[in-house]
Amino acid sequence: PGHAADRGEEQGMQKQGLIGGDPSAGRFRGQGFTLIELMVTVSVLGIVLTVGVPSLSRMFEKQRVIDAAELLYSHLQEARLIAIARSEPVYCNIAADGSAAWSFGIGTDENCDPDEDDLTADPPPCSVTIDDGEGGDAEVVQRFTSTDHPGIELATTNASIEFDPRRGSAEAAAVTITSTGAAGYQVIAEVSALGQVRLCSPAGATHVTLYSTVSCP
């Protein structure tokens, strides 16, 4: 009986490739991929890319709109604060026709040109006077353009927004920031008659969830 058991055990080990035959058969059984497994993997990867790449593209497109909107918001606020602090009107002049080529600038000259950056030009560029840190003043161009924000269109109801120095009030205006990508995300910078600035995003497919839809044009 003992010999029979040994033979049975030996036969089992031979089947597993542990003795006799190909010694690597047992060790490498189950390693690697079959053709079917590879085909399934490639198919799944294709599905992930098909779904993921457009989502990633929309995410970047949305972020571009947010960056441009936040920049415009901060500089409109800055223009209002400068007007109040210096007791003189400050203008935010905008050169935009709804295309992807635009510029806007902040200055104390009503006729300042947001497309210009040469301080000797006529009309002059949009600029403000700041303390140079050495007891003097320096004129600094405050100009921002579409060059730094590719894929963004700008449209405005007012080519010039004036902030009054007494209360920071302004003529009501709206500047629309739109992405040129497939999603067409849209954010609107609103300036109220009181000079208050807010960002909103219209409801619908172009809505940017970071901003409210309430009373958004």
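For the structure, see preceding data.
Residues numbered from 1 in each chain as written. Predicted model: local features only at pLDDT ≥ 70, side-chain atom pairs only at ≥ 80, totals over all residues. Heavy atoms only, no water.

Asker: Can you break down the nonpolar core residue by residue, with the values?
Answerer: Among soluble globular proteins, nonpolar side chains are generally buried collectively. Residues L76, I161, F163 and I177 are the most contacted members of the largest nonpolar core, which totals 33 residues. Those elements that place two or more of their residues in this core are α3 (35-86), β1 (90-95), β2 (103-107), β6 (152-156), β7 (160-163), β8 (173-179), β9 (186-191) and β10 (197-200). When residues of this core are assigned to their parent elements, the largest contribution, nine residues, is made by α3. Aside from chain neighbours lying at most four places away, what touches I177 is V65, A68, A69, L72, I152, E153, L154, Y185, Q186, V187 and A189. (Core = buried A, V, L, I, M, F, W, Y, C linked by side-chain atoms within 4.5 Å. Buried < 20%, exposed > 50% of the residue type's maximum accessible area, 1.4 Å probe, protein only. Helix = DSSP H or I, 4+ residues; strand = E, 2+ residues; numbered from the N terminus. Contact = heavy atoms within 4.5 Å.)

Asker: A description of the side chain of S179 should follow, citing residues and the corresponding values.
Answerer: With respect to the helices, strands and loops of the structure, S179 is situated in strand β8. Of note is the side chain of S179, whose polar atom sits 2.8 Å from the backbone nitrogen of Y185. (Polar contact = N/O pair within 3.5 Å; in protein donor to acceptor, adjacent residues only side chain to side chain.)

Asker: If you had to explain the sheet that holds strand β5 (residues 143-145) to someone new, which residues and values would you point to?
Answerer: Taken in spatial order, the four strands line up as β5-β2-β1-β7 in an open sheet, and their pairing is antiparallel. The open sheet has two edge strands, β5 and β7, and neither has a second partner. Neighbour-to-neighbour, the strand axes of the sheet open up by a mean angle of 10°, direction not taken into account. Here β2 pairs with β5 via three bridges, running antiparallel. For F104, the partnering residue across the bridge sits in β5 and is F144. (Pairing = 2+ DSSP bridges. Axes fitted to C-alpha atoms, helices over the stretch in contact; angles between N-to-C directions.)

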